[in-house]
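Observations on chain architecture
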Amino acid sequence: MSRGVMSKAGPICVQIAALGGQGGGVLAEWLAEAAHMVGYPAQVTSIPGVAQRTGATTYYFEILPEKNPPASPVFSLFPDEDGLDLMVALEPLEAARALEQGQITERTTVITARSRI
């Protein structure tokens, strides 16, 4: 992960970008469910686009790296400027789109495919 991610006070912020039918929503839900199963507060939101017909889909996941915090955290529905710790793009074009939109910055770790799936 990015420099300093595990030591920061706020949530770890992950965006998953895919095309409809690639399983981005399933991955996001698995992450949230796995976090909850082991006691970490987490939330996932989505902007499905034209998900059933290969349209761009975006999922945003936040996890607080603290089990059972004293108060319930308030999560965001989308990343703020310079807010992504991890960008997972199932298509290289989706990574490029996020970069063009300024969502990927120096602190963001990017995982993407090398070719179209």
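Within each chain, residue numbers correspond to sequence positions counted from 1 in written order. In keeping with the predicted nature of the model, local features appear solely for residues at pLDDT of at least 70, side-chain atom pairs appear and are counted solely at 80 or more, and the whole-chain, interface and lining totals rest on all residues. Side-chain calculation: all heavy atoms of the structure are included, whereas hydrogens and water are not.

All right, on to the pairing of strand 3 (residues 56–63) then. Strand residues, when the strand is regular, have side chains that alternate between the two faces of the sheet. Within strand 3, six of the eight residues are buried, leaving the element largely enclosed by the surrounding structure. Strand pairing is defined by DSSP finding a minimum of two bridges between the two strands. By the criteria applied, helices consist of DSSP H or I runs no shorter than four residues and strands consist of E runs no shorter than two, each listed in order from the N terminus. By the bridge criterion, six bridges tie strand 2 (residues 42–47) to strand 3 in an arrangement that is antiparallel. Along strand 3, the bridge assignment pairs Val44 with Phe61. Type-normalised accessible area, obtained with a 1.4 Å probe on protein chains alone, sets the label of each residue: buried when under 20%, exposed when over 50%, and partly exposed for intermediate values.

We define the nonpolar core as a collection of buried residues of types Ala, Val, Leu, Ile, Met, Phe, Trp, Tyr and Cys that are connected through side-chain atoms lying within 4.5 Å of one another. With 14 residues, the main nonpolar core has Val14, Ile16, Ala35, Ala42, Phe61, Ile63 and Val88 as its most contacted residues. Secondary structure elements with two or more residues in this core: strand 1 (12–19), helix 1 (24–37), strand 3 and strand 4 (86–89). Broken down by element, the residue count for this core peaks at four residues, all from strand 1. In this analysis, two residues are considered to be in contact whenever any of their non-hydrogen atoms come within 4.5 Å of each other. For Ile63, the residues in contact, after removing those within four places along its chain, are Pro11, Ile12, Ala35, Tyr40, Pro41, Ala42 and Phe75. With nine residues, the next largest nonpolar core counts Ala17, Tyr60, Ala89 and Ala98 among its residues.

Turning our attention to the sheet that holds strand 1. The strand order across the open sheet built from five strands is 2-3-1-4-5, with neighbouring strands paired in mixed fashion. Both outer strands of the open sheet, strand 2 and strand 5 (109–112), are each paired with one neighbouring strand and no more. Neighbour-to-neighbour, the strand axes of the sheet open up by a mean angle of 15°, direction not taken into account. Where strand 1 and strand 4 come together, four bridges link them in parallel fashion. Paired with Val14 across the bridge in strand 4 is Leu86. Axes here refer to lines fitted to C-alpha atoms; in helices the fit is confined to the stretch in contact. Angles between the N-to-C directions go from 0 to 180 degrees. Each of strand 1, strand 2 and strand 3 is contacted by helix 1, which is oriented at about 10° to strand 3, the strand it contacts most. Each of strand 1, strand 3, strand 4 and strand 5 is contacted by helix 2 (residues 92–100), which is oriented at about 140° to strand 4, the strand it contacts most.

Any functional reading would require information beyond the geometric quantities listed.
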